[in-house]
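# Overview (structure and organization)
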Amino acid sequence: MSVVGAQEFAEVRRHHLAALAYEAEARGLRWRLAGPEESVLSVHGPRSRRQVMVVATPARGGWSYLWTGGGIADVADVARVADRLVRLLS
């Protein structure tokens, strides 16, 4: 992968993580981007103090979210993923 390709890849990943962060925050969760090139989204339940780490990765011609505990979903389902994180972190 060229430097330009790697940069574009990182930008797409950050875009998907930022979309999930927005949805998570709208549901009362806290978040921060972590890791090299902000490649991981850390989401926290403010009451439970539970935490989950989420990554966005290419999958089958598109992108998917993966999170600790075996979670996986298409990035097009960002609102549904945020709802699942709320339940997980309650």
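Residues numbered from 1 in each chain as written. Predicted model: local features only at pLDDT ≥ 70, side-chain atom pairs only at ≥ 80, totals over all residues. Heavy atoms only, no water.

## As for the packing of aromatic side chains
What counts here: Geometry of aromatic contacts follows a simple scheme: Phe, Tyr and Trp rings, the Trp one being its six-membered ring, pair when their centres are within 6.5 Å, and the pair is stacked under 30 degrees between planes, edge-to-face over 60, tilted otherwise. Under the scheme used here, helices are H or I runs from DSSP no shorter than 4 residues and strands are E runs no shorter than 2 residues, and both carry numbers assigned from the N terminus. The buried label applies to any residue whose accessible area, calculated with a 1.4 Å probe on protein chains only, is under 20% of its type's maximum; exposed applies above 50%, and partly exposed to all values in between.
Inspection of every chain in the model, using the stated rule, returns one aromatic pair. On the numbers, 5.1 Å between centres and 40° between planes, the contact of Phe9 with Trp63 is tilted. A residue pair is termed long-range when its members are at least 10 positions apart, and Phe9 in helix α1 (residues 3–26) and Trp63 in strand β4 (residues 62–67) qualify at 54 residues. Residue class for Trp63 comes out buried when judged on its relative accessible area of 15%.

## Some points on the confidence of the model for the protein
The condition that has to hold: For every residue, the predictor reports its confidence as pLDDT, a number between 0 and 100.
Averaged over all residues, the pLDDT of the protein is 91; the fraction at 70 or higher stands at 96%. Put simply, α1 is where the protein has its lowest mean pLDDT, 89, and strand β2 (residues 40–44) is where it has its highest, 97.

## As for the pairing of β4
Under the convention used in this document: Paired strands, in this sense, are two strands between which DSSP finds at least two bridges.
Relative to β4, strand β3 (residues 51–59) runs antiparallel, the two being bridged by six bridges. Looking at the pairing, Ala59 lines up with Gly62 of β4. Bridging between β4 and strand β5 (residues 71–74) involves four bridges; their strand directions are antiparallel. From the neighbouring strand, Trp67 faces β5, where its bridge partner is Gly71. Where β4 folds back on β5, the antiparallel hairpin that results is connected by three residues, among which Gly69 adopts a positive phi of roughly 95°.

## Quick look at the pattern of salt bridges
Stated precisely, the cut-off is as follows: Salt bridge, as used here: a side-chain nitrogen of Lys or Arg that lies within 4 Å of a carboxyl oxygen of Asp or Glu.
As enumerated under the stated definition, the model contains three salt bridges in all. Arg27 serves as the salt-bridge partner of Glu23, at 2.6 Å between the closest nitrogen and oxygen. You can call Arg27 partly exposed: its relative accessible area is 28%. A salt bridge links Asp77 to Arg80, with the shortest nitrogen-to-oxygen separation between them at 3.3 Å. Of the residues examined, Asp77 reaches a relative accessible area of 29% and is grouped as partly exposed. A residue is classified by how much of its surface remains accessible, and Arg80, at 54% relative accessible area, is exposed. The network of salt bridges with shared partners includes Glu23, Arg27 and Asp83.

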